[in-house]
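Architecture at a glance
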Amino acid sequence: MGNLIEYRCGLIDFQVGRDHGRLDFDPAEYIKSCAASNMKRVMFTCKDAYGDAYYKSDLVELNPMAGSDYLQTSITEARKQNIELFAYYNVLLDDIYADAHPEHRMIDQKGKPAIAYDYYKILCPNSPYTDTLRERLADLVFNYDIDGIFFDISYFGGGKCFCNHCKEKFRQEFGHELNESITPGTDGYADFNQFRRLSRSKFLTSLADTVREVKSIPVIWNGSGSFYLAEPEVDSHSDYLT
């Protein structure tokens, strides 16, 4: 047991939206509580599934129900408490962006815009949304003294995606059409699964490269190395396994 290291890490993962009153939350008090619990690192939500930010930027809107820069307050208190502060960023769920750009949403096997986790609008990593996301991440990392970044919801999920962007890329890479009638156990379905894995790998690698070009900090994502979500094509680019 001589090489056992105790390292406590906290995650504040809140997806709150705007359909309520002002948020009664004090980020500094939360960080103090984390320090009192002997946590060494906290991953703090800076952009949620609804598309709201909890930091100030010209590229993504601050949640008006928060009314202040939660991320900067957390960073300032984390420095006082000697805690590492990682930014949590929900990368594919963004209702606000999806409403403005429905053509960038994932499409399910029935040809309908996909819904994730019963009510969130999920965007396709093969769409131009990725360019917007990379710009937002570069802006965040440049302007905030975070110690690392954690990407959540970076996967396609079952039966997706059949948007026009995916169909065109699939045709270019595999030489035949991607259609909604494919069935498990066929060569076409094997190509579909391989296409999704390669697409996710390119997506996450591009995000990680964007962050590292701005600042040399750890980049990690949900599911890297896990039993259910591990994909070796991309997880080797994550600084830690989660």
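Residues numbered from 1 in each chain as written. Predicted model: local features only at pLDDT ≥ 70, side-chain atom pairs only at ≥ 80, totals over all residues. Heavy atoms only, no water.

1. So, the side chain of S127
Rule in force here: Numbering goes from the N terminus for both helices and strands, where a helix is a DSSP run of H or I of at least four residues and a strand is a run of E of at least two. In what follows, a contact means two residues having at least one pair of non-hydrogen atoms within 4.5 Å.
Tracing the sequence through the fold places S127 in the loop between β5 (120–121) and α4 (129–143). Beyond its immediate stretch of four places on either side in the chain, S127 contacts H104 and H165.

2. Let's talk about the side chain of E77
Where we set the bar: Working definition: with a 1.4 Å probe on protein chains only, accessible area under 20% of the residue-type maximum means buried, over 50% means exposed, and in between means partly exposed. Polar contacts here mean pairs of N or O atoms no more than 3.5 Å apart (in protein, one a potential hydrogen donor and the other a potential acceptor; neighbouring residues in sequence count only if both atoms are side-chain atoms).
Along the chain, the position of E77 falls in helix α2 (residues 70–81). The exposure class assigned to E77 is buried, which follows from its relative accessible area of 7%. A polar contact of 2.8 Å, which involves the side chain of E77, links it to the side chain of Q81. Apart from residues no more than four positions distant in its own chain, E77 is found in contact with A28, I31 and K32.

3. A short note on the sheet that holds strand β3 (residues 84–90)
To keep it simple, the criterion reads: At least two bridges found by DSSP between two strands are what make those strands a pair. Whenever a helix is involved, its axis is fitted only over the stretch in contact; in every case the axis is a line through C-alpha atoms, and angles between N-to-C directions fall within 0 to 180 degrees.
The strand order across the open sheet formed by 5 strands is β1-β2-β3-β6-β7, and the pairing between neighbours is parallel. Whereas interior strands pair on both sides, the edge strands pair on one side only; in this sheet they are β1 (8–12) and β7 (219–221). Strand-to-strand twist in this sheet, taken as the mean axis angle between neighbours without regard to direction, amounts to 25°. As paired elements, β1 and strand β2 (residues 39–47) share 5 bridges and run parallel to each other. In the sheet register, L11 faces β2, and the bridge partner there is M43.

4. With respect to the pattern of salt bridges
Oppositely charged side chains are able to pair whenever their charged atoms sit close together. This is how it is decided: We define a salt bridge as a contact between a side-chain nitrogen of Lys or Arg and a carboxyl oxygen of Asp or Glu at a distance within 4 Å.
Across all of its chains, the model carries 17 salt bridges by this definition. The partner of K80 in a salt bridge is E77, with the nearest N and O atoms 4.0 Å apart. In this pair, K80 and E77 are both assigned in helix α2, 3 residues apart and thus about one turn of the helix distant. Note on K80: relative accessible area 61%, which makes it exposed. With a closest N to O distance of 3.1 Å, D94 and R136 form a salt bridge. Note that D94 is positioned in the loop between β3 and α3 (95–100) and R136 in helix α4, a separation of 42 residues in sequence. For the residue pair D94 and R136, the accessibility class agrees, reading buried in each case. Through salt bridges with shared partners, a single network forms among R18, D52 and E61.

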